[in-house]
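As a plain string of letters, each chain reads:
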Amino acid sequence: MMKYEIKDFNDGQIAAKIVESGDLHIKIRGNSYKDLFKVASIKEAWDAENTTNKLGVAQLTIFCLIGQRSDRRFNKGESFDLKVICNFINSMNFDKVYILHPHSPISLALINNSEKISHFSFVEKAFHTIGNPVLVSPDAGAYKTTHEIAEKLNADLVPSNKVRVNGAPIISIQGDVKGKECLIVDDLADGGRTFKFLAEALKKQGATKVNLYVTHGQFNYGFEELKETIDHIYCTNSFKEITSDYVTQYKLEGIL
Ligand SMILES: O=P(O)(O)OC[C@H]1O[C@@H](O)[C@H](O)[C@@H]1O
C-alpha cells in the first residue's frame with residue numbers, strides 16, 4: 001500500500017509527498033474543506049507518480065462527509081453545497097469512494113463510484129451492550145435504515161415522527177414503550193434537541209431508559225441539555241474524539 005506525508009505550511013497551504021508507491025487508500029473524516037484539499041493533494045501526487053502504472057487502484061473512505069445534510073437547494077438563490085462538495089470529490093477521479101452512513105442517498109447519487117458503509121455493526125454493539133432495547137427511529141428519514149437494522153437484529157422497532165404545527169414540533173410515537181429500554185437510532189446529532197424532546201416523550205409514555213445512537217457524534221453544543229432526558233450516548237469518532245463517561249465511542253480505524 002502506498003505511503004504519503006502531509007505538510008501543513010504556516011500560511012495554510014497543504015502539500016503531499018508520496019514516500020512509498022502502491023495502491024492508494026485514503027481514509028479521512030472529510031468533515032472539513034481542509035480535509036478534502038488534503039485528499040486532493042495526495043491524489044494529485046499519486047497520479048503524477050502513477051502515469052506509467054495505470055493498474056494502480058485509488059480508493060477514498062469518507063467517514064463524515066461535510067455538507068451531507070445540504071442535499072438540495074433549500075431556497076432560490078442559495079448554493080447547493082453538497083453538490084459543490086461532491087463535484088470537488090469527483091474531480092479527483094477515485095476508482096471507489098466509500099461513505100460511512102450518509103445522511104441521505106443524494107450523496108451517493110452525486111459522488112461517482114460511491115458505495116455506502118453501513119452503520120449496522122455499531123448499532124449491533126450498542127444493542128448488545130444495552131441488552132436488547134427497543135429501537136426507535138426518530139423521523140421519516142431514519143425509518144428505512146433503522147427498519148433494516150431492526151430486521152437483522154430481530155429487534156422491536158417503534159417509529160416516531162416529528163411534524164411541525166404552526167412552527168412548533170409535535171412528536172408522535174407509533175408503538176408501546178411502557179416498561180421498556182429504548183435506543184434511538186439516527187445518522188447524526190449536532191445540537192441534538194430533537195432527540196432530547198423525543199426521549200422526554202418516550203419517558204412520558206413509560207420508557208424506563210432512553211439511549212441514543214448516532215454514527216456522527218458532532219455534539220457542538222455539549223451534553224448538558226441532553227443529559228436531562230437521554231441516559232447514555234453511543235457514537236463513532238467519525239466527526240471528532242469525545243472523552244466522557246456519558247458517551248461510548250466506537251473508534252474507526254485509520255483516520256488520516
Ligand atoms: O442534532 P440536530 O442537528 O438538532 O438534529 C439532528 C437531526 O436532524 C437531521 O438532519 C438528522 O438526520 C437528525 O435526525
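Just so it is clear, the model here is predicted, and its values are computed rather than measured.

Colleague: Describe the site of the ligand, with residues and values.
Modeller: With respect to spatial proximity, the complete set of residues near the ligand consists of Arg 69, His 103, Asp 139, Asp 186, Asp 187, Leu 188, Ala 189, Asp 190, Gly 191, Gly 192, Arg 193 and Phe 195. Within the contact set of the ligand, an oxygen atom lies 3.2 Å away from a backbone nitrogen or oxygen of Gly 191. At a separation of 2.7 Å, an oxygen atom of the ligand approaches a polar backbone atom of Gly 192. Considering the ligand on its own, with 370 Å² of exposed area, one finds that the protein chains cover 80% of that surface. Given that more than half its atoms are within 2 Å of the pocket grid, the ligand belongs to the largest pocket. Where the shell around the ligand is concerned, the elements lending two or more residues are β10 (181–189) and α6 (193–204).

Colleague: Tell me what's going on with the side chain of Asn 50, and back it up with residues and numbers.
Modeller: By secondary structure assignment, the location of Asn 50 is in the loop between α1 (33–49) and β4 (58–62). Judged by relative accessible area, which is 8%, Asn 50 ranks as buried. At 2.6 Å, the side chain of Asn 50 and the backbone oxygen of Trp 46 are in polar contact.

Colleague: Tell me about the layout of surface pockets, residues and numbers included.
Modeller: Approximately 740 Å³ is the volume attributed to the largest pocket. Lining the largest pocket are 32 residues, with His 103, Asp 139, Gly 141, Asp 186 and Asp 187 sitting closest to its centre. Those elements that provide at least two residues to the lining of the largest pocket are α3 (105–110), α5 (140–153), β10 and α6. Per-class residue counts for the lining of the largest pocket are ten nonpolar, ten polar and twelve charged. Counting contributing residues per domain, the lining of the largest pocket is built from domain 1 (3–117) and domain 2 (120–250), each supplying no fewer than three.

Colleague: Quick rundown of the sheet that holds β4? Include the residues and the values.
Modeller: Taking strand neighbours across the sheet as the criterion, the four strands line up as β3-β4-β5-β6 in an open arrangement whose pairing is parallel. Only two strands of the sheet have a single neighbouring strand rather than two, namely β3 (24–28) and β6 (114–117). Pairwise comparison of adjacent strand axes, ignoring direction, gives a mean angle of 20° for this sheet. The pairing of strand β5 (residues 96–100) with β6 spans four bridges and is classified as parallel. Each residue of the ladder has a partner; that of Leu 100, found in β6, is Ile 117.

Colleague: Explain the UniProt feature "domain: Phosphoribosyltransferase" (unreviewed entry) in the protein chain to me, using residue names and the numbers behind them.
Modeller: Feature annotation in UniProt assigns "domain: Phosphoribosyltransferase" (unreviewed entry) to the following positions: residues 130–225. In the segment residues 130–225, helix accounts for 30% and strand for 39%; the C-alpha atoms at its two ends are 22 Å apart.

Colleague: Now, about the side chain of Thr 229: what can you tell me, with residues and values included?
Modeller: Secondary-structure assignment places Thr 229 in the loop between α7 (224–227) and β12 (232–236). Within polar-contact distance, the side chain of Thr 229 engages the backbone oxygen of Lys 196 at 2.9 Å. Residues in contact with Thr 229, not counting those within four places in the same chain, are Lys 196, Ala 199, Glu 200, Lys 203 and Val 210.

Quick notes on the rules
Residues numbered from 1 in each chain as written. Predicted model: local features only at pLDDT ≥ 70, side-chain atom pairs only at ≥ 80, totals over all residues. Heavy atoms only, no water. Near = heavy atom within 4 Å. Polar contact = N/O pair within 3.5 Å; in protein donor to acceptor, adjacent residues only side chain to side chain. Areas by Shrake-Rupley, 256 points an atom, 1.4 Å probe, with all protein chains shown as cover. 1 Å grid on protein atoms, 1.4 Å probe; cavity = no way out; pocket = protein on both sides within 12 Å on 5 of 7 lines; lining within 4 Å. Sits in = over half its atoms within 2 Å of the grid points. Helix = DSSP H or I, 4+ residues; strand = E, 2+ residues; numbered from the N terminus. Buried < 20%, exposed > 50% of the residue type's maximum accessible area, 1.4 Å probe, protein only. Points joined across faces, edges and corners; volume = space filled by probe spheres on them. Nonpolar A, V, L, I, M, F, W, Y, C, P; charged D, E, K, R; others polar. Domains from an automatic or database assignment. Pairing = 2+ DSSP bridges. Axes fitted to C-alpha atoms, helices over the stretch in contact; angles between N-to-C directions. UniProt positions renumbered as here; feature names shortened; annotations may be inferred. Contact = heavy atoms within 4.5 Å.

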